[in-house]
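Here are the chains, one letter per residue:
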Number of protein chains: 2
Amino acid sequence: MSKIFIKPKTKEEVKKSLISIGNKIWNDLENEQNPYLEVPVRALRNIKFDPKQKKLILGSAVLKRYLLHLAQIRKFVQTIGVTSLSKELIESNKHISLREAFYVLKRTIEGTKINVVDEQEESNKAIEDLELIINALREQLHINANKLGAVAGNVIIRDRGDLIDWSKLGSGGWSVPSNVEEIEFVKVDADFVIYVEKSAVWERLHEDRVWEKLNCIIVASQGQATRGIRRLLQRLHYEHKLPIYVLTDFDPWGIYIYSVIKFGSIALAHISDRLAVPSARFLGLTGDDIEKYGLKKHLIKFKEIDEKRLEQVRNYEWFKENKKWQRQFDMMKNLNAKAELEALASRGITFISEKYLPEKIEKNEFLD
Amino acid sequence: MSKIFIKPKTKEEVKKSLISIGNKIWNDLENEQNPYLEVPVRALRNIKFDPKQKKLILGSAVLKRYLLHLAQIRKFVQTIGVTSLSKELIESNKHISLREAFYVLKRTIEGTKINVVDEQEESNKAIEDLELIINALREQLHINANKLGAVAGNVIIRDRGDLIDWSKLGSGGWSVPSNVEEIEFVKVDADFVIYVEKSAVWERLHEDRVWEKLNCIIVASQGQATRGIRRLLQRLHYEHKLPIYVLTDFDPWGIYIYSVIKFGSIALAHISDRLAVPSARFLGLTGDDIEKYGLKKHLIKFKEIDEKRLEQVRNYEWFKENKKWQRQFDMMKNLNAKAELEALASRGITFISEKYLPEKIEKNEFLD
């Protein structure tokens, strides 16, 4: 268990921070000062990979954004617009999506023909700014990203007053919401968590009751983990000390899914603390598995786009100096091909559940 | 409530059909006959829109596929491969995905260097052929499509021995599996079903407890409804007499989502009976709503791809003669723009739940 887990602020604290922004502006105006917001810079030049913390983090550069400044007033007003919307959402205990937030903020300012925002990019940026200004997650501002994915395991949670047993939800499992900030873990009986990048493979593991047999929690979405899922993984990791294992194909895309869960992403570097699990381990297919499990026949030849992506991924700072990973990338390059988890079905329908996973976990065959 | 609902065969019946295929081939060989399969033709020339049944259906053209025929043996063996795999799956009570099925069938025939299939397209086609030959759904062959989507409502189901209450699953809801053939409805207390094309809007409706206030079931995936969801809608409609309402954006893509749920799709015309709900009603945004709810400001200008899609969709046989729909398409064309459900948030965060939906349903403002 590494690194500090920044405990989310409580709802009351978030609300207080939002109100204090309003108060500060009000005071400045009363004192005939030009109100400003201090916004950490999210440009690439202020994002770096911290090898000690093993994640992408934001540097210390901050800019001041003034209300009475021709080039800054628009962004200033947008950020205040989000601040006010978020306060309203928290008070009414409602949540909205990024897209809805855009439409709400697209309102025309009275007596003008000017909208607070015209494009969703503007409202998104304003939301990200506010996240940084008050050091809270978008989800804590009651603004949600996409909902995707399912989970099963020996876990009981409380959510909106309901007691939900993740082990008793038939073939479907619990549908992971976009926002898991307020779910409460009542019972967590598991040794680790497997995140798998494909719903179909999740259904395989679920039907074979892998979560029961290996005493774990299984989570999936489709491709990249949503923010809701990343927060779920993070909470299970830090609050319940569960290791996170990432199960993907042997290709640059799968490895990048692992990379985002472990190190964070460039787009969200400013909240790596809230989303990344630096100790996450790769349990996906490796170049060695191809040989070991006789999957050569099932390799899928690289297209140009795969080749390009491989070069990008292997050159990320956090992979560059990692010999084990570079060895995998070399194997991938030499094969000039990828392999899918589903290929394990050629060894037997339940091979992945009954042989591959138990064996790899027991022999500690992870990549880090 | 229109049309006949073809009750799914039982598991035993499906298994019997599979075995009878094997027996027939065996007998033919023993009698020195050349074994063949009768496969309904799925080419476009054999697909038509039936205005009476209001859905896409397969014509009566059938072709014979022989084992001892140089051009046909490959497909013959592939179909038999699926038959055998499906029997094995049913007997072991396991399900697999299309992709897994492909890898299983990619096995090399003993003593040769020939694989039963080389591409997933081949195994997919063989599966579709088998669906037609024994008149069962792929899901009944234990071969599943994608899993996506969530559901909430006053419904209790039994699935894999678990009793699941769709009204007590917190913010997430029940995650809809890829295969709903074997779920059992224990209690269904609802007047209708809303399928919404966006998970974010589902979260809006769910947070506002629309299913409780309007006594309905709310279902969503992302975009086109998965086969699992379409079967769920169909079962709720035919087995529990619930009308199906489809809630989408005002754009050709949204209307096509409605169209597929209602009439079926060309790709799956051969199983329209098992997937379509011809009485489904459109509850999505209309050209009239733009005016009525003041959404003009939030129109999104058409791109070329939207224009093209509009022309395609409006010319489908089942829309061509429909004056109400042509009027909508005209409005869309004149506006040269689309509108999203999320735009209703500009009228108030819960406007869609508390005003828009109840009003439209009460005033019977559906499009059919």
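Residues numbered from 1 in each chain as written. Chains lettered and ligands numbered in written order. Predicted model: local features only at pLDDT ≥ 70, side-chain atom pairs only at ≥ 80, totals over all residues. Heavy atoms only, no water.

### Digging into the overall build of chain A
What counts, and what does not: In DSSP terms, a helix is any run of H or I states spanning at least four residues, a strand is any run of E spanning at least two, and both are numbered starting from the N terminus. Using C-alpha atoms as the atom set, the radius of gyration is obtained and then compared with a globule rule of 2.2 Å times the number of residues to the power 0.38. To sort residues, take the accessible area from a 1.4 Å probe on protein chains only and compare it with the maximum for the residue type: under 20% means buried, over 50% means exposed, and anything in between is partly exposed. The contact criterion used throughout is that any non-hydrogen atoms of two residues lie within 4.5 Å. The method behind every accessible area is Shrake-Rupley, applied with a 1.4 Å probe, and residues are considered shielded solely by the protein chains displayed. Asp and Glu are treated as the negative residues and Lys and Arg as the positive ones, with His and the ends of the chain left uncounted. Every charge is mapped onto a representative atom, which is NZ of Lys, CZ of Arg, CG of Asp or CD of Glu.
Per the secondary structure count, chain A includes 14 helices and 17 strands. Here the C-alpha radius of gyration of chain A, 23 Å, is about what a compact globule of 368 residues would show, namely 21 Å. Each principal axis of the C-alpha distribution contributes one length, and for chain A these read about 75 × 45 × 35 Å. Across the 368 residues that make up chain A, the buried fraction comes to 60%. Considering only intrachain contacts with a sequence separation of at least 6, the fraction spanning at least 24 residues in chain A is 74%. Accessible surface for chain A amounts to roughly 15,500 Å². Of this, 51% is attributable to carbon and sulfur atoms. Distance between charge centroids for chain A: 2 Å, based on 60 positive and 53 negative side chains.

### Description of the sheet that holds strand S11 (residues 184–188) of chain A
All names here are of chain A. The cut-off we apply is this: In this scheme, strands are said to pair when DSSP sees at least two bridges between them. Note on method: axes are straight lines fitted to C-alpha atoms, helices fitted across the in-contact stretch only, with angles between N-to-C directions ranging 0 to 180 degrees.
Across the sheet, which stays open at both edges, the three strands sit in the order S9-S8-S11 with antiparallel pairing between neighbours. Looking at strand neighbours, the two that pair on one side only are strand S9 (162–165) and S11, the edges of this open sheet. Each strand of the sheet is rotated relative to its neighbour by a mean of 20 degrees, with strand direction disregarded. Where strand S8 (residues 155–159) and S9 come together, four bridges link them in antiparallel fashion. When the bridges of S9 are listed, isoleucine 156 appears paired with aspartate 165.

### Some details on the interface of chain B and chain A
Quick reminder of the rule: In this description, buried area is defined as the sum, over both parts, of the accessible area (probe of 1.4 Å) that is lost when the two are combined. In what follows, salt bridge is the name for a side-chain nitrogen of Lys or Arg lying within 4 Å of a carboxyl oxygen of Asp or Glu. Between N or O atoms, a polar contact is any pair within 3.5 Å; within protein, one atom must be a potential hydrogen donor and the other a potential acceptor, and residues adjacent in sequence are included only when both atoms are from side chains.
Taken together, the contact pairs 57 residues of chain B with 57 residues of chain A. A combined buried area of about 4,600 Å² lies between chain B and chain A, and 51% of that area is made up of carbon and sulfur atoms. Contact with chain A buries surface across chain B, with Tyr103(B), Arg160(B) and Glu207(B) losing the most and accounting together for 15% of the total. Where chain B packs against chain A, one counts eight salt bridges. One salt bridge connects Glu340(A) with Arg99(B), and the closest N-O pair in it is separated by 2.5 Å. Across the contact surface, chain B and chain A share 32 residue pairs in polar contact (both at pLDDT 80 or more).

### Here's the deal with the nonpolar core
This is how the line gets drawn: Residues enter a nonpolar core if they are buried and are Ala, Val, Leu, Ile, Met, Phe, Trp, Tyr or Cys, with the set joined through side-chain atoms within 4.5 Å.
Counting 223 residues, the largest nonpolar core has Trp166(A), Ile217(A), Phe319(A), Leu357(A), Trp166(B), Ile217(B) and Phe319(B) as its most contacted members. Sequence-distant contacts of Ile217(B), that is, excluding residues within four places in its chain, are made with Val151(B), Ala152(B), Gly153(B), Val155(B), Trp166(B), Val188(B), Ala190(B), Phe192(B), Val193(B), Ile194(B), Leu236(B) and Leu242(B).

### Considering the environment of Tyr195(B)
All names here are of chain B. As for its position among the elements, tyrosine 195 is in strand S12 (residues 192–196). A residue is classified by how much of its surface remains accessible, and tyrosine 195, at 0% relative accessible area, is buried. Of note is the side chain of tyrosine 195, whose polar atom sits 2.7 Å from the side chain of serine 221.

### A short note on helix H11 (residues 304–314) of chain B
Residue and element names in this part refer to chain B. What counts here: The arc in question is formed by the directions pointing from the helix axis toward the C-beta atoms.
For H11, every residue scored as buried is listed here: Asp306, Arg309, Leu310, Val313 and Arg314. For H11, the buried positions fall inside an angular range of 120 degrees around the axis, keeping them on one side. Residues of H11 that are exposed and angled more than 90 degrees away from the buried face: Glu304, Ile305 and Lys308.

### So, the pairing of strand S7 (residues 150–153) of chain B
On a regular strand, each side chain points to the face opposite its neighbour's, so the side chains alternate between the two faces of the sheet. All names here are of chain B. Side chains of S7 alternate between two faces, with Ala150 and Ala152 and Val151 and Gly153 buried alike. Both S7 and strand S13 (residues 216–220) contribute to a ladder of four bridges, which runs antiparallel. Across the sheet, the residue bridging to alanine 152 is isoleucine 218, located in S13.

### As for the side chain of Lys360(A)
Residue and element names in this part refer to chain A. Within the secondary structure, lysine 360 is located in helix H14 (residues 351–362). You can call lysine 360 buried: its relative accessible area is 1%. Each residue touching lysine 360, except ones within four places of it in the same chain, is listed here: Leu283, Gly284, Thr286, Asp289, Tyr293 and Glu365.

### Here we look at unusual backbone geometry
A negative phi holds for most residues other than glycine; trans holds for most peptide bonds. Residue and element names in this part refer to chain B. With phi around 70 degrees, histidine 142 is a residue other than glycine that occupies positive phi space. Within the fold, histidine 142 resides in the loop between helix H4 (120–134) and strand S6 (143–144). Classification of histidine 142 as buried rests on a relative accessible area of 1%. At lysine 241, a residue that is not glycine, the phi angle is positive and equals roughly 60 degrees. On the secondary structure map, lysine 241 appears in the loop between helix H7 (227–240) and strand S14 (244–247).

### A look at the sheet that holds strand S9 (residues 162–165) of chain B
Two orientations exist for strands paired in a sheet by backbone hydrogen bonds: parallel and antiparallel. Residue and element names in this part refer to chain B. The three strands lie next to each other as S9-S8-S11, forming an open sheet whose pairing is antiparallel. Of all the strands in the sheet, the pair left with one neighbour each is S9 and strand S11 (184–188). Sheet twist, expressed as the average angle between the axes of neighbouring strands with direction ignored, equals 20 degrees.

### Remarks on the packing of helix H2 (residues 73–92) of chain B against H4(B)
All names here are of chain B. Formally: We call two directions roughly parallel when the angle between them is under 35 degrees, roughly antiparallel when it is over 145, roughly perpendicular when it lies between 65 and 115, and oblique otherwise.
As a packed pair, H2 and H4 sit with axes 9 Å apart at the nearest point and diverge in direction by 70 degrees. Classified by the angle between their axes, H2 and H4 sit roughly perpendicular to one another. Together, Arg74, Gln78, Thr79, Val82 and Thr83 of H2 and Glu122, Ser123, Ala126, Ile127, Asp129, Leu130 and Ile133 of H4 make up the contact between the two elements.

### Here we look at the pattern of salt bridges
Residue and element names in this part refer to chain A. As enumerated under the stated definition, the model contains 72 salt bridges over all chains in all. Across the salt bridge formed by glutamate 207 and arginine 204, the nearest N and O atoms sit 3.2 Å from each other. Linking glutamate 207 with arginine 204, this pair stays in helix H5 (residues 199–207), spanning three residues, or about one helical turn. Overall, glutamate 207 belongs to the buried group, its relative accessible area being 11%. Overall, arginine 204 belongs to the buried group, its relative accessible area being 1%.

### Considering the environment of Ser84(A)
Within the secondary structure, Ser84(A) sits in helix H2 (residues 73–92). A relative accessible area of 45% places Ser84(A) in the partly exposed class.

### Regarding the relation of the copies chain B and chain A
Two copies of one chain are present, and they are related through a rotation about an axis combined with an axial shift. Quick reminder of the rule: All copies are superposed by least squares; the fitting set is the C-alpha atoms of residues with a pLDDT of at least 70 in both.
Mapping chain B onto chain A calls for a rotation angle of 180 degrees and an axial translation of 0.0 Å; the resulting RMSD is 0.0 Å. When the rotation and shift are considered jointly, the pair of chain copies conforms to a two-fold rotation axis. Taking C-alpha positions as the reference, the residue of chain B nearest the rotation axis is Ser175(B), at 2.1 Å. Of all interface residues in chain B, 100% are interface residues in chain A too; the two copies therefore contact each other through one and the same surface.

### Description of the packing of aromatic side chains
Residues and elements named next belong to chain A. Cut-off, in case you're wondering: Here is the rule: rings of Phe, Tyr and Trp (six-membered ring for Trp) pair when centre to centre is within 6.5 Å. Planes less than 30 degrees apart are stacked, more than 60 are edge-to-face, and the remainder are tilted. The rule is short: NZ of Lys or CZ of Arg within 6 Å of the ring centre and within 35 degrees of the ring normal puts a charge over the ring.
Counted by the stated rule, this structure contains 40 aromatic pairs over all chains. Judged by centre distance (5.8 Å) and plane angle (20 degrees), the rings of tryptophan 166 and tryptophan 174 are stacked. On the numbers, 5.2 Å between centres and 65 degrees between planes, the contact of tyrosine 293 with tyrosine 356 is edge-to-face. A residue pair is termed long-range when its members are at least 10 positions apart, and tyrosine 293 in the loop between helix H10 (287–292) and strand S16 (300–301) and tyrosine 356 in helix H14 qualify at 63 residues. For tyrosine 293, a relative accessible area of 3% gives the class buried. What links up through ring pairs into an aromatic cluster is the set Phe49, Tyr256, Tyr258, Phe263, Phe282, Tyr316, Trp318, Phe319, Trp325 and Phe329. One Lys or Arg, lysine 24, reaches over the ring of tyrosine 36 and ends 4.2 Å from the middle of that ring.

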